[in-house]
Amino acid sequence: MGGFLGFVWNQWTYKPKPLDQDKSLAGKTILITGANSGLGLEAAKELASHKPAKLIVTVRDPAKGEAAKAQIIGNNAGIEVEFWEVDYESYDSITAFGKKVLALDRLDYALLNAGIKQMQYTTSKAGHESNVQINHIGTSLVSLQILPALQKTARIAGQPSRLTIVSSEGHFWIPFKERTAENILLRMDDKETFGQQMNRYYTTKLLNVLWTRELASKVNQNEVIINTVNPGFCYSGLHRHEKTGIIKIFLWALAWTSQQGGHCLTDALVNHPDSHGKYLSEQKVVPPSKFVLSEEGRKVQTKIWNETMELLRKEAPGASFPTFEE
Ligand SMILES: NC(=O)c1ccc[n+]([C@@H]2O[C@H](COP(=O)([O-])OP(=O)(O)OC[C@H]3O[C@@H](n4cnc5c(N)ncnc54)[C@H](OP(=O)(O)O)[C@@H]3O)[C@@H](O)[C@H]2O)c1
């Protein structure tokens with residue numbers, strides 16, 4: 001929907017549903033990033049209840065993984081839950097993680113959920129603005145590292161694997177002035193472009209939508225179905241850097257629980273075989289923002305892809321990059 005009234009209406013009236021109880025994930029291997037808390041943890045708990053063979057949950061801090069383990073396993077003794085470390089801020093960490101993923105026998109589902117909402121301008125070790133580094137550059141590099149494992153599994157299983165990237169309805173609500181810069185990503189490193197409030201965070205969620213669409217355009221949907229999802233506005237630790245009282249009022253008046261947001265993630269990951277390259281919100285495929293669908297948006301999508309690939313090849317030379325047919 002995208003407008004503020006539509007957002008309020010959906011938050012008040014829509015109630016996200018869990019997967020059908022009889023949905024079996026037997027024999028499947030599922031990867032979820034950033035699942036020691038919030039929506040990712042709830043999605044992991046829900047997926048575990050459908051009894052996959054293996055659930056791989058990524059954490060930055062192994063102690064947080066241990067704390068989440070009992071919650072994820074719940075009553076589902078017998079499923080294998082592994083905690084793998086990856087820090088989206090570190091190219092070395094993502095590259096090492098990617099090598100481990102490639103060594104898996106199979107990977108059927110991958111949910112790229114890890115993210116931050118940093119309200120003050122800060123920079124990563126690589127010198128990029130932190131929301132851009134983690135939400136866009138980190139997520140994009142992870143998607144490239146795990147893609148071959150998803151493709152390999154599709155060939156073994158004779159059915160498409162699934163990849164879902166978590167974005168946000170906030171991608172509708174930003175000026176995105178950096179879009180006209182000669183190099184958009186490098187322009188976003190400049191502090192003066194950071195903007196007010198959630199502008200930068202939402203811009204990185206737009207980059208998630210653009211990246212998903214461009215990646216999907218290069219991958220055969222018979223091998224991997226790739227989509228992006230808005231999980232709704234939910235209570236979680238994501239909002240901890242917001243110091244204003246307004247967020248508390250919004251959370252009180254409008255927010256879904258993390259569990260409800262988790263339902264939106266599992267739905268996008270497991271249902272909707274028709275969603276390749278698409279954006280989901282309230283558990284259905286809907287159009288992304290007008291900008292994304294515009295001629296300018298299409299050009300910016302290609303530009304963001306090219307800039308990201310160039311940056312990653314330069315800054316993460318140890319990573320492996322799939323080749324795509326033109
Ligand atoms: N909550 C909402 O209202 C809402 C709305 C729209 C979209 N989303 C999206 O939903 C996703 C999940 O957010 P959430 O609300 O569940 O927030 P959350 O509770 O803060 O969870 C974020 C997860 O990402 C992990 N993470 C953060 N930085 C990382 C890094 N550098 N490397 C690897 N993992 C990292 C966190 O690990 P640590 O515990 O180690 O920090 C945590 O597991 C995000 O992509 C967010 O943008 C949320």
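Quick caveat: nothing in here was measured; it's all calculated off a predicted structure.

Criteria and thresholds
Residues numbered from 1 in each chain as written. Predicted model: local features only at pLDDT ≥ 70, side-chain atom pairs only at ≥ 80, totals over all residues. Heavy atoms only, no water. Helix = DSSP H or I, 4+ residues; strand = E, 2+ residues; numbered from the N terminus. Rg over C-alpha atoms; globule rule 2.2 N^0.38 Å. Contact = heavy atoms within 4.5 Å. Areas by Shrake-Rupley, 256 points an atom, 1.4 Å probe, with all protein chains shown as cover. Lys, Arg positive; Asp, Glu negative; His and termini not counted. Charge placed at Lys NZ, Arg CZ, Asp CG, Glu CD. Buried < 20%, exposed > 50% of the residue type's maximum accessible area, 1.4 Å probe, protein only. Pairing = 2+ DSSP bridges. Right-handed = clockwise from strand over helix to strand, strands pointing away.

Chemist: Explain the overall build of the protein to me, please; I cannot follow it from the model alone.
Modeler: Secondary structure summary: the protein contains 11 helices and 8 strands in total. At 18 Å, the protein has a C-alpha radius of gyration in line with the 20 Å of a compact globule built from 326 residues. Looking at the protein alone, contacts between residues at least 24 apart form 79% of all its contacts between residues at least 6 apart. When the accessible surface of the protein is split by element, carbon and sulfur atoms take 53% of a total near 14,300 Å². Distance between charge centres in the protein, computed from 37 positive and 34 negative side chains, equals 3 Å.

Chemist: Quick question: what am I supposed to make of the pairing of strand β4 (residues 109-112) here?
Modeler: Residues in a regular strand point their side chains to alternate faces of the sheet. Burial of the side chains of β4 extends over both faces: Tyr109 and Leu111 are buried on one face and Ala110 and Leu112 on the other. Of the pairings in the sheet, the one linking strand β1 (residues 29-32) to β4 comprises 3 bridges and is parallel in character. Among the inter-strand pairings, Ile30 is bridged to a residue of β4, identified as Tyr109. The pairing of β4 with strand β5 (residues 161-166) spans 4 bridges and is parallel. Bridge assignment links Ala110 to a residue of β5, and that residue is Leu163. Read from β4 through helix α5 (residues 130-157) to β5, the crossover connection turns out right-handed.

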